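# Coordinate analysis (summary)
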Amino acid sequence: MAWCLIKKYTEEFKEKLKTGEIHPDILIGLDSAGRRNFFAQMFGEENAKHINALFESKILLKNQKQGYVTWAKKVSGITEPARGDLVSRINRLDKVLNPAEEKLFLEDLAAQKLGIGVTPEEAKRISELAKKTEELRKFPEKRIEYGNALLDFNDYVNSLNPKKASILQNVINLPKTLKSTLDLSAPLRQGLPMITRKEWYVAFANMFRYALSEKAFRGLQADIISRPTYELMKDGGLRVSSLATKLDQREEEFMSQLVSKIPGLRGSERAYVGFLSRLRADVFDTLIKQAELAGEDIRKGSQAVKDIANFVNDFTGSGNIGIKDKYAGSVPWLNSALFSPRKISATVNMFNPERYLNPNISKTARKAALKQLVGLLGFATTALGLASMAGADVETDSNSTDFGKIKIGNTRFDITGGNANYITLLSRIISGKTKSGKGKIYKLGEGYKGTTRGDLLLRFVRNKLSPMAGELVNLFEGSNFLGEKIKLTSEVRNTIEPMIISSFFDLIKEDKEMIFFALLSELFGVGTQTYK
């Protein structure tokens, strides 16, 4: 945002120039803090920082006399420096960050350029890390080393101005994070629509390394951040998440840092984030190459790059939720209300006909989306068919509670990644009928207090609430969304208990014979429900 002195101070500044009260001999004789105090007495602390930063940028010029004149002219209308590659900008600030004498350290200029306040020692370290990173960038064979150096640089700069997440945001998102842990569920939940691509299997094989090793996970981050396409990924909006302190940069299932502090649980986070990051980056790179061969514009800012990124995001459960970057801090609040807002958006986008028919969308992205949608339907149909041939119960009526699920004993296996629920809701609304798990068919709105279309929508939304929000609604209603009366101790346990543990207790109670197979399925993301 541009800064300038208000008219009152502008006039005072000009007057003090005329009288010699503001003079280069006086200013150069002071260090950075001294100049800032000098200006603060006249124009206030905030104005003093900007005036001093501009002055410090001009005394670095060879022609200091002309620099002083330019400074005096511009002091009533200074523009923020253009943002670019931080490493490159720092390497152009040697005199600022590595002064010959500590007294000459241009503190306000460094703070304005970097966006953080730094000491001479910190400035020197930043400069050293930036130079190392810039040197490694020149050698393609050292790409991973460059990536690690860039991570070290970013970590150090961020550590000087840590952006701590709200304690309240961490706490209210903790129950959902706890429920999502202790498994390796990303492949058959968010990653399921990509299961027919080879990149899915590469990411799946490497996921175990990320779960067991912090070093392997950091190696993945270094690999992605150093790819030639990384700037395109960022420009297109590809969701390459991390375990960052900023909660909006994390996967929505793990939008609380508190779980990382519990021994043994960080591995689940690394596996989940690592699988999805690798899958998204690999598929994005493959499609960018295909788009280039097809003659599409894949330059930074092009529509094709954005369309490809949107496709990858949607088919890996991370759709756009319409919140702009400057409001990104509100994402954790939304996430505390809904279990998976990005996953909901991604599913809706995935079944949106416009993605496949709109000629303005990148042809490469449209073809890839159609291929994956057909692949997902083919995978589900094949799995259901094989299960039926093997003697399992398979429900094919889209109005049924068990549609798209494989029922063995008292346990249902959802091999659609939760997508069948959306089809069931739409089918019931259109047909005006529902089918219970026992096979009984009901017409909507019939009978005493009969279920209506509105009831179906409300029940669907209620089932998509986060654990914390869901339990608050349950307490208010006095019953859960199935109409069952609640017990406070059970509700607290259900709010924080990992899903795989909940499944274990259900299996012990209702279907002991299926424990091994059901828990193995749940481990990799196949949703299971066990009840008579």
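Before reading on, note that the structure itself is shown above.
Scope of this entry: the structure provided in the associated data block.

What counts, and where the lines are drawn
- Residues numbered from 1 in each chain as written.
- Predicted model: local features only at pLDDT ≥ 70, side-chain atom pairs only at ≥ 80, totals over all residues.
- Heavy atoms only, no water.
- Helix = DSSP H or I, 4+ residues; strand = E, 2+ residues; numbered from the N terminus.
- Buried < 20%, exposed > 50% of the residue type's maximum accessible area, 1.4 Å probe, protein only.
- Contact = heavy atoms within 4.5 Å.
- Areas by Shrake-Rupley, 256 points an atom, 1.4 Å probe, with all protein chains shown as cover.
- Salt bridge = Lys/Arg side-chain N within 4 Å of Asp/Glu carboxyl O.
- Bend = angle between axes of the 7 residues up to and from the residue.
- Pairing = 2+ DSSP bridges.
- Axes fitted to C-alpha atoms, helices over the stretch in contact; angles between N-to-C directions.

### A closer look at the overall build of the protein chain
In terms of helices and strands, the protein chain carries 27 helices and six strands. With 532 residues in all, the protein chain has 48% of them scored as buried. Long-range pairs, those at least 24 residues apart, make up 66% of the contacts in the protein chain with a sequence separation of at least 6. Carbon and sulfur atoms form 57% of the exposed surface of the protein chain, whose accessible area is close to 27600 Å².

### Thoughts on unusual backbone geometry
In this model, Leu182 sits at a positive phi of 65°, which is unusual for a non-glycine residue. Here Leu182 shows up in the loop between helix H12 (174–179) and helix H13 (198–212).

### Thoughts on the pattern of salt bridges
On inspection of all chains with the given rule, the structure shows 22 salt bridges. The shortest N-O distance in the salt bridge between Asp152 and Arg218 comes to 2.8 Å. Separated by 66 residues along the polypeptide, Asp152 in helix H10 (residues 143–160) and Arg218 in helix H14 (residues 214–225) bring together distant segments of the chain. Beyond isolated ion pairs, a larger network of salt bridges with shared partners links Arg143, Asp223, Arg227, Arg278, Asp282 and Asp285.

### Concerning H13
Roughly 30° is the biggest bend found in H13, and it falls at Asn206. Residues of H13 that are buried: Glu199, Trp200, Ala203, Asn206, Met207, Tyr210 and Ala211. In this fold, the buried residues of H13 make contact with H14 and helix H16 (266–293).

### Points about the sheet that holds strand S2 (residues 405–408)
Pairing is antiparallel in the open sheet, where four strands are placed in the order S1-S2-S3-S6. This sheet does not close on itself; its edge strands, each paired only once, are strand S1 (393–394) and strand S6 (527–530). Here strand S3 (residues 411–414) pairs with S6 via four bridges, running antiparallel. Among the inter-strand pairings, Arg412 is bridged to a residue of S6, identified as Gln529. Contacts from helix H21 (residues 363–389) reach S1 and S2, with the element oriented near 20° to S2.

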